[in-house]
Every structure is written in C-alpha cells, then in structure tokens.
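Reading the structure
This is what each chain is made of:
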Amino acid sequence: MKPLVLFAGGEARWPDWQGPLAEALAAAGVKAEITTEAPAGKVDFILYAPGDDTPGDFTQFTRCRAVFSLWAGVERIVTNPTLTQPLCRMVDPGLTRGMVEYVAGHVLRLHLGLDAVLAAQDGRWNPVAPPLASERPVAMLGLGALGEACARALAGMGFEVLGWSRRPKSLPGIACHHGRDGLRHALGRAQIAVTLLPATAGTENILDAETLTWLPRGASIINPGRGSLIDDAALLAALDSGQIGQATLDVFRTEPLPADHPYWRHPSVTVTPHIAAETRPATAAHVIAENIRRSLAGEPLLHLVDRQAGY
Ligand code: NDP
Ligand code: OXD
C-alpha cells in the first residue's frame, strides 16, 4: 500500500501545491498518494499550515510518521500537547530568497534614505551623498536559515553585520554574538536592527524598553520575524521620543493588524502585511519529498524542530 500524505495546509492553498508535490515526490522516487481528506488512522504524513481548517488534535493520527510544517515559524503547533510525532519546520530556498530580498530591500531603503528622497521632489537641490554600506552597521538578531542568509547577503553588499543567536556561532565576515552581553554589544553598534528570531518564551519582547535604549539614538528596526519579539508600547514610546527613527514591521501580535492600531498612522512606521517571505511550492515541495523519502528509508529527517527550544 502506498503511503498516504494528507495535505492539511488549507483548502485555498491546495491548487498551488498539488502539481509541485506530485512532481517532487516522483523526482525523489517516492510512490505516495497525496490527498486533502482521509481517515486519520490511515495517514502516514501530514503537511501542516496553521489555519481554521487544519488539525488541532493529532492523537487520532495513530500511524502518522511525521508532520511537516509548510511554515518556517512553528509557534502555533510546537506547543500542541497532542502532537507526539516528529515535527519538521520549513526551510525552503524560495522562502529564503524572498526573505533576503525583503530584508536587503528595506535595509537599502533605510540606508539610502529613500523615504526622504521620494518625499523631497520639490525643486530644491540638496547634493548630500549617502554613506557607504561599510559605514552602516546592521544587527541581525537570529542567524538561522533566514537570518544567516540575510546576514551573508548584507555582508556581501559591504554592510558591517553584527549577528546574534542563542548559541555561539562563527560565520565568515559576520561578527557573531550570543547571550545578553552579546545582544547589548550588537545593538549598541547597530544603526539598523533586523529581527529574524522565532516566537518562543526566550525571544518574547526581546526588543523592549531596556534593549531599545541599547541602540544608538535614531536607529531603525526591521521586524520580519514575529510580532511577539517587540514590546509594542515600548517601541511606540521609543519612536515618539526619537530613540528609534524608523520601524518597518511585517508581523504583529494580532494579524491582520487592526485598522485602529497606532502603527498604521505613526509617521515613522512602515507596515507590510506579513509578506516578507512565503513558502514557494515549486521549491518547498522538493524539501518535503526528500523528508518523506528519508522517513520511509529510515534516515534522519531534515529541519527537525527542537520541541524543548520551541523552534
Ligand atoms: P531558524 O530556526 O533557522 O533560526 C532561528 C534563529 O534564532 C537561530 O539563529 C537561533 O539561534 C535564534 N534564536 C532562537 N531563540 C533565541 C534566543 N532565545 N536568543 C537568541 N537567539 C535565538 O529560523 P528561520 O531563520 O528559518 O526563521 C526565523 C523566523 O522568521 C521564523 O521562526 C518565523 O517566525 C519568521 N518568518 C517570517 C516570515 C515572514 O514572512 N514574515 C517568513 C518566514 C519566517 P541558534 O542558531 O543558536 O539556534
Ligand atoms: C512562516 C511565515 O513562518 O510565513 O513561514 O511567517
């Protein structure tokens, strides 16, 4: 009997995934059946995205060998007590590429002062050249699949990049830090801070009233990580006082961001609607197919979530 793969990534996404998954499974030499509906007891693998129409109780999936998240962030499933099967998060070349483009684009926008340039088309000639990237230190909080790729891309453009992660790390061309002192050091030098951390108990409000003061006055923040990384009241106060010059925010504690949220009307905030990067079926399907192949062959799974660490 062919293994049964349940696509529980939301009905709306199924048409985008059906073809790429079939193709990727065939390319990996895996003969499996993919479906959007099946009796729980017959399912071997679950492809999961958080949503109203996705499973909340995994106890009925008695023969399920692994759950593959279609999202990189797993905070909405990792603490589910009914999930006893191995959980893998999404590491997808297409998603990574999108995040690199988003982060590089907004870092360059802030670095070159493009908002002011666009607002100043008023006939006045003001020939002030922007500094070079090498004169603009950028802190990358989170040096995982996404943070590392962004850090490398920025370093490749000449930015001075200071990285920060939970465990010590060594990356060429990037000054890597960890621990509370490391955070203070990285923020203390950064004119732009990018947050690409997962939402866990350890990262909640990592940018708060205290750590925001560690940044040089007028520094900018780009948050494509998760809303919980930022103490919103502290950030709004820091923006009002000028301690923080600009915040570009893609993710929020409540999404969609409510229409009356102060971020929408703050002159120093740019809101983007959780579009920094998304999983691309054409590339991500191969990651899933490889993991299904591995599971069936008894090989170790890629991108396993550390349930203790929460990411
Ligand atoms: P990874 O799991 O690969 O990397 C997470 C990084 O955060 C690691 O470097 C890890 O450190 C670090 N980290 C975790 N906890 C702490 C801590 N307490 N203190 C310091 N560093 C910590 O995740 P990804 O790079 O793949 O993704 C990061 C996040 O980006 C996702 O969890 C998701 O929330 C968000 N995301 C947002 C998207 C969007 O469109 N806005 C799209 C995709 C993802 P270490 O290296 O030591 O483990
Ligand atoms: C993700 C996201 O976690 O899109 O993949 O936010």
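Structure's up top.
Around ligand 1, the surrounding shell holds 29 residues, and the nearest of these are R89, L143, R167, P224 and Y311. Here an oxygen atom of ligand 1 and a backbone polar atom of A277 are 2.9 Å apart. In this structure, Y311 approaches ligand 1 through a side-chain N or O atom, which is 2.5 Å from an oxygen atom. Protein chains shield 93% of the accessible area of ligand 1, which is 940 Å² for the free molecule. At the level of secondary structure, the elements contributing two or more residues to the shell around ligand 1 comprise helix 4 (145–156) and strand 7 (160–165).

For the pair helix 1 (residues 14–27) and helix 9 (residues 281–297), the least separation of the axes is 8 Å and the interaxial angle reads 45 degrees. Taken together, the axes of helix 1 and helix 9 are oblique relative to one another. The handedness of the crossing between helix 1 and helix 9 is right-handed. Residues D16, W17, P20, L21, A24, L25 and A27 of helix 1 form the contact with helix 9, whose participating residues are P281, A282, A284, A285, H286, I288, A289 and I292. Considering only residue class, the contact of helix 1 with helix 9 consists of 13 nonpolar, one polar and one charged.

With that settled, consider the site of ligand 2. In the region of ligand 2, the neighbouring residues are W71, A72, G73, R226, H274 and A277. For ligand 2, an oxygen atom lies 2.8 Å from a polar atom in the backbone of A72. Burial of ligand 2 by the protein chains amounts to 87% of its free accessible area of 210 Å². Within the shell around ligand 2, the residues separate by chemical class into three nonpolar, two polar and one charged.

This part covers unusual backbone geometry. The amide bond that connects E255 to the next residue, P256, takes the cis arrangement and shows omega of -5 degrees. Within the secondary structure, P256 sits in the loop between strand 11 (244–249) and helix 8 (262–265). Of note in the backbone geometry, N205 takes a positive phi value of approximately 55 degrees without being a glycine. With respect to the element layout, N205 can be found in the loop between strand 9 (192–195) and helix 6 (211–214). Even without being a glycine, H274 presents a positive backbone phi close to 50 degrees. Looking at where H274 falls in the secondary structure, it is placed in the loop between strand 12 (269–271) and helix 9.

Criteria and cut-off values
- Residues numbered from 1 in each chain as written.
- Chains lettered and ligands numbered in written order.
- Predicted model: local features only at pLDDT ≥ 70, side-chain atom pairs only at ≥ 80, totals over all residues.
- Heavy atoms only, no water.
- Near = heavy atom within 4 Å.
- Polar contact = N/O pair within 3.5 Å; in protein donor to acceptor, adjacent residues only side chain to side chain.
- Areas by Shrake-Rupley, 256 points an atom, 1.4 Å probe, with all protein chains shown as cover.
- Helix = DSSP H or I, 4+ residues; strand = E, 2+ residues; numbered from the N terminus.
- Axes fitted to C-alpha atoms, helices over the stretch in contact; angles between N-to-C directions.
- Parallel < 35°, antiparallel > 145°, perpendicular 65-115°, else oblique.
- Left-handed = near helix turned anticlockwise from the far one by under 90°.
- Contact = heavy atoms within 4.5 Å.
- Nonpolar A, V, L, I, M, F, W, Y, C, P; charged D, E, K, R; others polar.

No statement about biological role is implied by the geometric values presented.
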